[in-house]
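# Per-entry structural report
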Amino acid sequence: SAFLTIHIVNQQVVGRMSKPEDRPANFALQATWAAAASALAPVVTGIAIDHIGFRWAFVFLGVIALLALLFLATGKLPRLAGRPQGEKHAASGSVISLLSEAGLRRIYLANVLFATSWDVFLFMTPIYGATLKLSASQIGIIIACFSSASFAVRLFTRPISQRYTPWQLLLISLTVAGSANLAFGLSSTTALLMIFGFTMGMGHGMSNPMMNTLLYEAAPPTRIAEVMGLRTSVSMGLQVALPAAAGALGALIGIAPLYWLVAAAQLGGAASWRRNWHLKRSSSAARAAH
């Protein structure tokens, strides 16, 4: 609960502090540091457990949280601008009213496509690798290729986002990730799985900041946090449901076809939304689904 609360608040703060032209790069920077922490945390925690034991490892992690609180209490934090006049009260409406907006629906659906691909990859790749008689180390390297690509591509978001609009980059991400899923399910060697896992990670790495940018700018001004929170809720719900569904479907049709199904969905989404490629930068996020 604490992590998700901070995650949603951080997204809104980054969006409000950013100029429109800098928003994709700033969301990418936020995601980059989150990815770096996710990569570093298991290593640091493992070392702590091995050297000081489980009990003191929990104490160590708690001290890190206290250091963050100390920084917030003593650091000089930027002052955020208040709501514009006429927006002092949040707009009323249910989640259904948000989903009635065609632009938001398309972005949420794109989020579902990427979240499904992400969960299928992380959950099914170890099983897929085992059926191919790969070692645990080889499977770990393949997954690391995916994660490292997601991290690395975000470092180049600023120059890339100055050349392409958020919708253009999202369509590119869908195409790259979908093509990689298709090739991944057709591969059977470690080298090829590493290459296509890395390619898939590149598509995923660029998608997250673009979706945050589009959601922030397409959301009603008084419901930005609710819009961002709904995306997180959808992603968390998929993380609960997809492993069981993917496992049952994989047992029925095989593991490789799961990657092909995800590829078909992502490539189909890119094809159906291709007209958004021509939206001008000034309107691409504000009206995401003309």
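Here's what I pulled together on the structure shown here. (Residues numbered from 1 in each chain as written. Predicted model: local features only at pLDDT ≥ 70, side-chain atom pairs only at ≥ 80, totals over all residues. Heavy atoms only, no water.)

### Section: the overall build of the protein
We count it as follows: The helix and strand labels rest on DSSP assignments: H or I over at least four residues marks a helix, E over at least two residues marks a strand, and numbering proceeds from the N terminus. Throughout, exposure labels follow a simple rule: accessible area from a 1.4 Å probe, protein chains only, divided by the maximum for the residue type, with under 20% read as buried, over 50% as exposed, and the rest as partly exposed. By definition, residues are in contact when any of their heavy atoms lie within 4.5 Å. The method behind every accessible area is Shrake-Rupley, applied with a 1.4 Å probe, and residues are considered shielded solely by the protein chains displayed.
In terms of helices and strands, the protein carries eleven helices and zero strands. Sorting the 290 residues of the protein into buried and exposed places 39% on the buried side. Across the protein, contacts joining residues at least 24 apart in sequence account for 80% of those joining residues at least 6 apart. Of the accessible surface of the protein, which amounts to about 15,600 Å², a share of 69% is contributed by carbon and sulfur atoms.

### Some thoughts on the packing of aromatic side chains
As a reminder of what qualifies: Two rings belonging to Phe, Tyr or Trp (six-membered ring only in the last case) form a pair when the distance between their centres is within 6.5 Å. Interplanar angles under 30 degrees mark stacking, angles over 60 mark edge-to-face geometry, and anything in between is tilted.
Evaluated as defined, the whole model comprises nine aromatic pairs. Both rings, one in tyrosine 128 and one in phenylalanine 184, keep their centres 6.0 Å apart while their planes meet at 45 degrees; by these two values the pair is tilted. Residue tyrosine 128 is located in helix α4 (residues 102-131), and its partner phenylalanine 184 is located in helix α7 (residues 166-185); the two are separated by 56 residues in the primary sequence. By way of ring pairs, the aromatic residues Trp118, Phe121, Tyr128, Phe146, Phe184 and Tyr259 are connected into one cluster.

### Remarks on helix α8 (residues 190-218)
Note the cut-off: Here the expected span of a helix is defined as 1.5 Å times the quantity of residues minus one. A residue's bend is simply the angle between two axes: one fitted to the seven residues ending at it, one to the seven starting at it.
The end-to-end C-alpha separation of α8 is 42 Å, in line with the 42 Å expected for 29 residues at 1.5 Å each. The principal kink in α8, of about 25 degrees, is found at serine 207, preceding the proline proline 209 by one to four residues.

### With respect to the packing of helix α5 (residues 136-154) against α8
Rules: Lines fitted to C-alpha atoms define the axes, with helix axes restricted to the stretch in contact, and inter-axis angles between N-to-C directions lie between 0 and 180 degrees. In this scheme, a crossing is called left-handed if the near helix is turned counterclockwise away from the far one by less than a right angle; it is called right-handed if the turn is clockwise. Ten residue types, Ala, Val, Leu, Ile, Met, Phe, Trp, Tyr, Cys and Pro, are classed as nonpolar, four, Asp, Glu, Lys and Arg, as charged, and the remainder, Gly among them, as polar.
Their axes nearest at 7 Å, the elements α5 and α8 cross at an angle of 35 degrees. As for how α5 packs across α8, the hand of that crossing is right-handed. Among the residues forming the contact of α5 with α8, the class breakdown is 13 nonpolar, nine polar and one charged.

### A closer look at a nonpolar patch on the surface
Keep this limit in mind: Like charges within 9 Å and nonpolar side chains (Val, Leu, Ile, Met, Phe, Trp, Tyr) within 5 Å are joined into patches, using only residues over 30% in relative accessible area that form no salt bridge. Just to be clear on terms, a salt bridge is a Lys or Arg side-chain nitrogen sitting within 4 Å of an Asp or Glu carboxyl oxygen.
Residues Ile52, Phe54, Trp56, Phe58, Val59, Phe60, Leu61, Val63, Ile64, Leu67 and Leu70 make up a contiguous nonpolar surface patch of about 1,100 Å² in total accessible area. Tracing the backbone shows phenylalanine 58 in helix α2 (residues 23-74).

### Concerning the side chain of asparagine 208
You can see asparagine 208 is positioned in helix α8. Judged by its relative accessible area of 19%, asparagine 208 is buried.

### Regarding the packing of α4 against helix α10 (residues 256-272)
How two helices sit against one another is set out by the angle between their axes and by the gap between those axes. Using the following cut-off: Small angles under 35 degrees read as roughly parallel and large ones over 145 as roughly antiparallel, with 65 to 115 read as roughly perpendicular and the rest as oblique.
Contact pair α4 / α10: the axes reach a minimum separation of 10 Å and the direction vectors enclose 165 degrees. Considering their axes alone, α4 and α10 lie roughly antiparallel with respect to each other. In this structure, α4 meets α10 at a crossing whose hand is left-handed. Residues Leu113, Phe114, Thr116, Ser117, Val120, Phe121, Met124, Thr125 and Tyr128 of α4 pack against Ala256, Leu258, Tyr259, Val262, Ala265, Gln266 and Gly269 of α10.

### Observations regarding the nonpolar core
Selection rule: The definition of a nonpolar core used throughout is a set of buried Ala, Val, Leu, Ile, Met, Phe, Trp, Tyr and Cys residues joined through side-chain atoms within 4.5 Å.
One finds Leu104, Ile107, Trp167, Leu170, Leu215, Val227 and Trp273 to be the most contacted residues of the largest nonpolar core, which totals 31 residues. Every element with two or more residues in this core is listed here: α4, α7, α8 and α9 (224-253). When residues of this core are assigned to their parent elements, the largest contribution, seven residues, is made by α8. When sequence neighbours within four positions are dropped, the list of residues in contact with leucine 104 reads Leu98, Leu215, Ala218, Ala219, Pro220 and Val227.

### A word on the environment of leucine 192
Here leucine 192 is to be found in helix α8. Under the relative-accessibility criterion, leucine 192 is labelled partly exposed at 35%. Between the C-alpha atoms of leucine 192 and isoleucine 142, which are 50 residues apart in sequence, the distance is 9.4 Å.

### Quick word on the side chain of arginine 231
Going by this rule: Asp and Glu are treated as the negative residues and Lys and Arg as the positive ones, with His and the ends of the chain left uncounted. We call two N or O atoms a polar contact when they sit within 3.5 Å, provided that within protein one can donate a hydrogen and the other can accept it, with sequence-adjacent residues counted only if both atoms are side-chain atoms.
Assignment of secondary structure puts arginine 231 in helix α9. Notably, arginine 231 is buried but unbridged: the nearest opposite-charge side chain belongs to aspartate 119, and the N-O separation is 11 Å. Of the polar contacts made by the side chain of arginine 231, one reaches the side chain of asparagine 111; its length is 2.9 Å. If near-sequence neighbours (up to four positions away) are discounted, arginine 231 is found in contact with Gln11, Tyr108, Asn111, Asn208, Met211, Asn212 and Leu215.

### Quick word on the environment of leucine 29
By the secondary structure assignment, leucine 29 is in helix α2. For the pair formed by leucine 29 and valine 14, sequence separation is 15 residues and the distance between their alpha carbons is 9.8 Å.

### Things to note about the environment of histidine 204
Topologically, histidine 204 is positioned in helix α8. Setting aside residues up to four positions removed in sequence, histidine 204 forms contacts with Phe114, Ser117, Trp118, Phe146, Ser150, Arg154, Ala177 and Gln266.

### Concerning α9
Between its terminal C-alpha atoms α9 stretches 41 Å, which fits the 44 Å expected from 30 residues at 1.5 Å a residue. Within α9, the axis deviates most sharply at alanine 241, by approximately 35 degrees, and proline proline 243 lies no more than four positions further along. By the burial criterion, the buried members of α9 are Ile224, Val227, Met228, Gly229, Leu230, Arg231, Thr232, Ser235, Leu238, Leu242, Ala246 and Gly250. Phi turns positive one or two residues past the end of α9, at glycine 254, with a value near 100 degrees.

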